[in-house]
Amino acid sequence: MSLPEYKTAFMRDCVSADALKFGTFTLKSKRISPYFFNAGLFHRAYLLRSISSAYAHTLTAHAQSDPSFHFDVLFGPAYKGIPLAAATIDKLADLDLDKYGKTSYSFNRKEAKDHGEGGNIVGASLKGQKVVIVDDVITAGTAIREAIEIIKREGGELVGIIVAFDRLEKTPSATDDDGTPRPSAIGEIRKQYGIPVLAILTLDDVIEYLKSLGSAEDLERLDEYRAKYKASD
Ligand SMILES: O=P(O)(O)OC[C@H]1O[C@H](OP(=O)(O)OP(=O)(O)O)[C@H](O)[C@@H]1O
Ligand SMILES: O=C(O)c1cc(=O)[nH]c(=O)[nH]1
């Protein structure tokens, strides 16, 4: 597997933290998946460093390939996006203090607060800011579209999205398993907004990993799932 070191290190930590699990899981979209990525398990200090470092490297690698890519705020949708956005700006500042030392983070409350400072945004104001959303996974795109709406409503400019894991699967629909390829939610968002949607790892990376280090049974189930739900983009 010819992945950059930060991706292989992240894959190793996903497996050791049990954040990448193989079995039978029901997704938010109700699709049944033979694997699940649980970013909530990156709760130990060394694991939070690992995931935030992988996000930060993915963002800086993209900024190197596209010098027009600039952002002021990392927005982490509640709940799992919150620690991810905060820890990632810390890592970005470690990588390049001059460039990222003034980058902010921000997140939404799921329920608006009606006392004290009030409102439902915590951290940087998004108004007039170039914003990148940091989340764990996009499947149907419901969560990310809610985050996009919040950014619009707050007057921010969405310039990119980064997730830990791109499942590379088509958007769920009533005729899900008819074998017809359709775009992924990520592909639709890229097309609709013309922005980069970056991922640290993809399903293809996991399948490559299973070929060398995983069980033949898991590999077969993931291959079957990919054949059934693979996106057309
Ligand atoms: O693309 P989708 O089909 O929307 O699914 C993916 C999202 O669903 C989960 O979050 P959830 O909304 O459950 O919130 P949480 O962060 O509070 O767990 C998950 O963390 C992703 O963000
Ligand atoms: O689609 C989802 O709900 C989902 C998939 C996944 O791999 N991980 C996760 O937290 N949510």
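Refer to the structure presented above.
Just so it is clear, the structure is predicted and the values come from calculations on it, not from any experiment. (Residues numbered from 1 in each chain as written. Chains lettered and ligands numbered in written order. Predicted model: local features only at pLDDT ≥ 70, side-chain atom pairs only at ≥ 80, totals over all residues. Heavy atoms only, no water.)

Asks: I'd love a proper account of the site of ligand 1, names of residues and values included.
Replies: Ligand 1 sits among 14 residues. The nearest are K28, K80, D136, T139 and G141. Note that an oxygen atom of ligand 1 is positioned 2.8 Å from one of the backbone N or O atoms of G141. With respect to ligand 1, the backbone of A143 contributes an N or O atom lying 2.9 Å from an oxygen atom. Expressed as a share of its isolated accessible area of 500 Å², the protein-covered part of ligand 1 is 80%. (Near = heavy atom within 4 Å. Polar contact = N/O pair within 3.5 Å; in protein donor to acceptor, adjacent residues only side chain to side chain. Areas by Shrake-Rupley, 256 points an atom, 1.4 Å probe, with all protein chains shown as cover.)

Asks: Help me get a handle on the packing of aromatic side chains, residues and values and all.
Replies: The geometry of two aromatic rings is summed up by the distance between their centres and the angle between their planes. Under the defined criterion, the tally for this structure stands at 11 aromatic pairs. Seen from their ring centres, F37 and F42 are 6.4 Å apart, and the 45° between their planes marks the pair as tilted. By relative accessible area, which is 4% here, F37 ends up buried. Of the residues examined, F42 reaches a relative accessible area of 4% and is grouped as buried. Each ring, one from Y225 and one from Y229, has its centre 4.9 Å from the other, and the planes form 55°; the classification is tilted. Within this pair, Y225 and its partner Y229 are both found in helix 8 (residues 216-229), separated by 4 residues, close to a single helical turn. (Phe/Tyr/Trp six-rings, centres within 6.5 Å; stacked < 30°, edge-to-face > 60°. Buried < 20%, exposed > 50% of the residue type's maximum accessible area, 1.4 Å probe, protein only. Helix = DSSP H or I, 4+ residues; strand = E, 2+ residues; numbered from the N terminus.)

Asks: Break down the site of ligand 2 for me, with residues and values.
Replies: Lining the immediate environment of ligand 2, one finds L27, K28, F36, F37, D136, V137, T139 and R167. Here an oxygen atom of ligand 2 sits 2.9 Å away from a polar atom, N or O, in the main chain of K28. Within the contact set of ligand 2, an oxygen atom lies 2.5 Å away from a side-chain nitrogen or oxygen of T139. Among the secondary structure elements, those contributing two or more residues to the shell around ligand 2 are strand 2 (32-37) and strand 6 (130-138). For the shell around ligand 2, the per-class residue count stands at 4 nonpolar, 1 polar and 3 charged. (Nonpolar A, V, L, I, M, F, W, Y, C, P; charged D, E, K, R; others polar.)

Asks: Summarise the nonpolar core; cite the residues concerned and give the values.
Replies: F10, F37, L59, F71, L74 and F165 are the most contacted members of the largest nonpolar core, which totals 46 residues. Beyond its immediate sequence surroundings of up to four residues, F37 is in contact with F10, C14, A19, L20, F42, I51, D136, V137, A164 and F165. Counting residues in hydrophobic clusters, the runner-up holds 22 residues, among them I121, L126, I144 and I189. (Core = buried A, V, L, I, M, F, W, Y, C linked by side-chain atoms within 4.5 Å. Contact = heavy atoms within 4.5 Å.)

Asks: Talk me through the packing of helix 7 (residues 203-213) against helix 8; I want residue IDs and the actual numbers.
Replies: It is at 9 Å that the axes of helix 7 and helix 8 come closest, and there the two elements cross at 155°. If you check the angle between helix 7 and helix 8, you find them roughly antiparallel. Between helix 7 and helix 8 the crossing geometry is left-handed. From helix 7, L203, D204, V206, I207, L210 and K211 reach across to helix 8, where they touch D218, L219, L222, D223 and R226. A class-by-class count of the residues in the contact of helix 7 with helix 8 yields 6 nonpolar, no polar and 5 charged. (Axes fitted to C-alpha atoms, helices over the stretch in contact; angles between N-to-C directions. Parallel < 35°, antiparallel > 145°, perpendicular 65-115°, else oblique. Left-handed = near helix turned anticlockwise from the far one by under 90°.)

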